[in-house]
Amino acid sequence: MSQVLDREVLDKGYVVPEVLVSTQWVADRLNDTDIRIIESNEDPLLYPSEHIPGAVQVDWTNDLNDPIRRDYINREAFEKLMSRIGVTPQTTVVFYGDKNNWWATYAFWVFQLFDHTRAKVMDGGRLKWQNESRPMTRDIPDHKPTRYQAPERQDAKIRAFREDVLEHLRDRGQLVDVRSREEYTGERLHMEAYPNEGALRGGHIPGAANVPWSRAANPGDGTFRPAQELRDIYVKEQGLTPEEPVIAYCRIGERSSHTWFVLKYLLGFGNVRNYDGSWTEWGNLVNVPIEK
Amino acid sequence: MGKPGQCPDREIGSVVIPEKLQSLLDTMRPIDDQNQRVQMLLDFAGQFKEVPERVAARPFPDKHRVPFCESEAYVWAEKQADGTAKFHFAVENPSGISAKALAYILGRTLSGAPLDQVVSVNPDIVSAIFRQNISMGKGMGLMAMVQTVQKLAKDLMRETRPS
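Remember, it's a predicted structure, so these values are computed and weren't measured experimentally.

This part covers the overall build of chain A. Tallying secondary structure elements over chain A gives 12 helices and 9 strands in all. A compact globule built from 292 residues would reach a C-alpha radius of gyration of about 19 Å, and chain A, at 18 Å, matches this within 12%. Taking the principal axes of its C-alpha atoms as reference, chain A extends roughly 50 × 40 × 35 Å. A buried classification covers 59% of the 292 residues belonging to chain A. If you take every contact in chain A between residues at least 6 apart in sequence, the share linking residues at least 24 apart comes to 76%. Within the structure as shown, chain A displays about 12300 Å² of accessible surface, and the carbon and sulfur contribution to it stands at 46%.

Structure, rendered in structure tokens:
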């Protein structure tokens, strides 16, 4: 049942529609044991305040990041996480969260570093589910732990490091800066209403197009815009070519995960990487090129 | 910053921390069970009451907005007859549960405290309350709530100081 396609999503014309499901699709499968619903938010108190029945929390700070290095968890930690939340390689994980699925797509992206491809995002996330008055609970589910075995983390296909960005820059490759216009121009060093997390320089990586991540979402309910509207933004307006490699970045790689998801799956770009070092790294690096 | 769970103010000998805040920090310090701590914070968030209309109404003016707080928090200080202040808050982002919990804590423990003590509260109480479970950005936003309360207390002290 879990692999049945979702008509509501199919109608939006995406290249890889299998990665997105509607709130109704999720509501119809709350008791499906082949599915694990995962909530990922910025605020760790949001999930315990209430969540979709049966959903588990994966916290980006504590569950997905290495506690010491600025890096993601390794294979062993990922196996522990998946075992704890009762997931097997056959389980379809469905992510949702606040802020139009910022953190949901971020968690989705990290899961792809370990090749857990049975993964989907619930369109509209937490906001849409709540707006539709669907059930929420404070009950923490008691899923039976598993013994998940994961492959070693594979960064190369979907993650870019600074050396990759420099090489990409030399090749005049496509870059998308998904931050706000003010951050892109260097007028601000941080998002409006967010603190500066330490960038010394403002501006953007030379040649990067500026498409704030939120343009991909419908402001009313946080769902992704239909494929044609997305194509109008990224391909027609910005001139990005789906056949050429592209690297997306933001401040720490979370907003750009949203854009990575849009370009890779919804629009079918062949080679999309997320530069998670993003501006908190580039804006502090000595002697790298910056444009304002 | 002190070790997680320690009250950072205690490391600064000369600072007197408001009594109610000290009491709350003392209560929270031994709670190592994460679920218990989360439930306590949720309970605080549940008791949060928004600024009354007699103090402020929407649209809230920007000058009361906490800078760098993505939960869209606002703070007001209402001067009391005894020279202290009652602190009021609004949190416009419905997902800002941590901001609501902190607003409740600050409103409950700093209202009625001597203003010079409020001014001296160390923003690192955020790490003592939430421990290491929040991101850097989130922590900075919550610390900005404490700093905004301090600023309002400082402004009130300046107003009441004889010239």
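A tally of helices and strands in chain B yields 6 helices and 2 strands. Listing the helices and strands of chain B from first to last along the sequence gives α-α-β-β-α-α-α-α. With 163 residues in all, chain B has 54% of them scored as buried. Excluding contacts between residues fewer than 6 apart, the proportion of contacts in chain B whose partners are at least 24 apart in sequence is 62%. Counting only carbon and sulfur atoms, one obtains 50% of the accessible surface of chain B, whose full area is about 7900 Å².

Going through the model one piece at a time under the given rule, you end up with 2 cavities of 30 Å³ or more. The computed volume of the largest cavity comes to approximately 60 Å³. Residue lining of the largest cavity: Pro44 and Leu45 of chain A together with Gln34, Val38, Leu41, Ser98, Phe130, Asn133 and Ile134 of chain B, and that is the complete set. At 3 residues, the largest contribution of residues to the lining of the largest cavity is made by helix H2 (residues 34-47) of chain B. Counted by class, the lining of the largest cavity contains 6 nonpolar, 3 polar and no charged residues.

All names here are of chain A. Strand order in the open sheet made by the 5 strands is E1-E5-E4-E2-E3, with parallel pairing throughout. Edge strands, defined here as strands with exactly one partner in the open sheet, are strand E1 (20-21) and strand E3 (56-57). Most of the contacts of helix H6 (residues 102-113) go to strand E4 (residues 92-96), to which it runs at about 150°, and overall it touches strand E2 (35-39), E4 and strand E5 (119-122).

Glancing now at the confidence of the model for chain B. Residues and elements named next belong to chain B. Looking at chain B, the pLDDT average stands at 89 and 90% of residues meet or exceed 70. Within the model, the stretch residues 1-13 combines pLDDT values under 50 with 32 contacts to residues more than four positions away or in other chains. Note on the complex model: pTM 0.90, ipTM 0.82.

The next point concerns H6 of chain A. All names here are of chain A. Counted at 1.5 Å a residue, the expected span for H6 with its 12 residues is 16 Å, and the 17 Å between its end C-alpha atoms agrees. A large share of H6 lies buried, amounting to 12 of its 12 residues. Within H6 the residues assigned to the buried category are Trp102, Trp103, Ala104, Thr105, Tyr106, Ala107, Phe108, Trp109, Val110, Phe111, Gln112 and Leu113.

Residue and element names in this part refer to chain B. For strand E1 (residues 73-79) and strand E2 (residues 85-91), the ladder comprises 7 bridges, and the chain directions are antiparallel. Across the sheet, Val75 pairs through a bridge with Phe89, a residue of E2. Taken together, E1 and the strand that follows it, E2, pair antiparallel across an intervening segment of 5 residues, in which Gly83 is found at a positive phi of about 90°.

Let's shift gears to unusual backbone geometry. In this chain, Arg58 of chain B is followed by Pro59 of chain B through a cis amide linkage whose omega measures -5°. For Pro59 of chain B, the position within the fold is in the loop between H2 and E1. The backbone phi angle of Asn101 of chain A is positive, close to 70°, even though this residue is not glycine. Within the element layout of this structure, Asn101 of chain A appears in the loop between E4 and H6. For Asn101 of chain A, a relative accessible area of 0% gives the class buried. One non-glycine residue with positive phi stands out, namely Asn287 of chain A, at about 70°.

Take the environment of Arg134 of chain A next. All names here are of chain A. Relative to the helices and strands, Arg134 resides in the loop between helix H7 (125-131) and helix H8 (162-170). Distance from Arg134 to Val121, taken between C-alpha atoms, is 17 Å for residues 13 residues apart in sequence. When sequence neighbours within four positions are dropped, the list of residues in contact with Arg134 reads Thr23, Gln24, Ala27 and Trp129.

In this section: the packing of helix H10 (residues 227-237) of chain A against helix H11 (residues 255-266) of chain A. All names here are of chain A. Orientation of H10 relative to H11, taken along the N-to-C sense of each, is 110°, at an axis distance of 11 Å. Taken together, the axis directions place H10 and H11 in an arrangement best described as roughly perpendicular. Crossing handedness for the pair H10 and H11: left-handed. For the pair H10 and H11, the contacting residues are Ala227, Leu230 and Tyr234 in the first and Thr259, Val262, Leu263 and Leu266 in the second. The class makeup of the residues in the contact of H10 with H11 is 6 nonpolar, 1 polar and no charged.

All names here are of chain A. By the definition in use, this model includes 34 salt bridges over all chains. Note that Lys99 is salt-bridged to Glu42, the shortest N-O span being 3.8 Å. In this pair, Lys99 is assigned in the loop between E4 and H6 and Glu42 in the loop between E2 and helix H3 (46-49), connecting sequence segments 57 residues apart. Residue classification places Lys99 among the partly exposed positions, given a relative accessible area of 21%.

Residues and elements named next belong to chain B. The end-to-end C-alpha distance of helix H3 (residues 97-110), which contains 14 residues, comes to 20 Å, matching closely the 20 Å that a straight helix rising 1.5 Å per residue would cover. Of all 14 residues in H3, 13 are buried, a share of seventy percent or more. Once H3 finishes, Gly112 follows within two positions and takes phi at roughly 85°, a positive value.

Parameters and conventions
- All residue numbers here refer to positions counted from 1 along the written sequence of the relevant chain.
- Labels are handed out in written order, letters beginning with A for the chains and numbers beginning with 1 for the ligands.
- Since the coordinates come from a predicted model, pLDDT governs what is reported: local features require at least 70, and pairs of side-chain atoms require 80 or more to be given and counted, while whole-chain, interface and lining totals use all residues.
- Side-chain numbers here rest on the full set of heavy atoms in the structure, without hydrogens or water.
- Every helix listed is a DSSP run of H or I at least four residues long, and every strand listed is a run of E at least two residues long, numbered separately from the N terminus.
- The globule rule is 2.2 Å times the number of residues to the power 0.38, and the radius of gyration it is compared with is taken over C-alpha atoms.
- Exposed residues in this analysis have more than 50% of their type's maximum accessible area, buried residues have under 20%, and partly exposed residues fall in between, with area computed by a 1.4 Å probe over protein chains only.
- The contact definition used throughout considers only heavy atoms, calling two residues in contact when any of these lie within 4.5 Å.
- The Shrake-Rupley method, run with a 1.4 Å probe sphere, supplies the accessible areas, and residue values consider only the shown protein chains as cover.
- Here a cavity denotes a set of grid points, spaced 1 Å apart and computed over the protein atoms alone, in which a 1.4 Å probe fits but from which it cannot get out, and a pocket denotes an open set meeting protein on both sides within 12 Å along at least five of seven lines; residues with an atom within 4 Å of a point are reported as lining.
- Grid points are joined across faces, edges and corners, and a volume is the space filled by probe spheres set on the points.
- Basically, the charged four are Asp, Glu, Lys and Arg, the nonpolar ten are Ala, Val, Leu, Ile, Met, Phe, Trp, Tyr, Cys and Pro, and anything else, Gly included, counts as polar.
- Following DSSP output, two strands are said to pair if at least two bridges run between them.
- Geometry is summarised by axes, namely lines fitted to C-alpha atoms with helices restricted to the contacting stretch, and by angles between N-to-C directions that run from 0 to 180 degrees.
- pLDDT is defined as a per-residue confidence score from the predictor, taking values between 0 and 100.
- One less than the number of residues in a helix, times 1.5 Å, gives the span that helix is expected to have.
- Oblique is the label for every angle not falling under 35 degrees (roughly parallel), over 145 degrees (roughly antiparallel), or within 65 to 115 degrees (roughly perpendicular).
- Each helix crossing is assigned a hand: it is left-handed if the near helix lies turned anticlockwise from the far helix by less than a right angle, otherwise right-handed if that turn is clockwise.
- We define a salt bridge as a side-chain nitrogen of Lys or Arg found within 4 Å of a carboxyl oxygen belonging to Asp or Glu.

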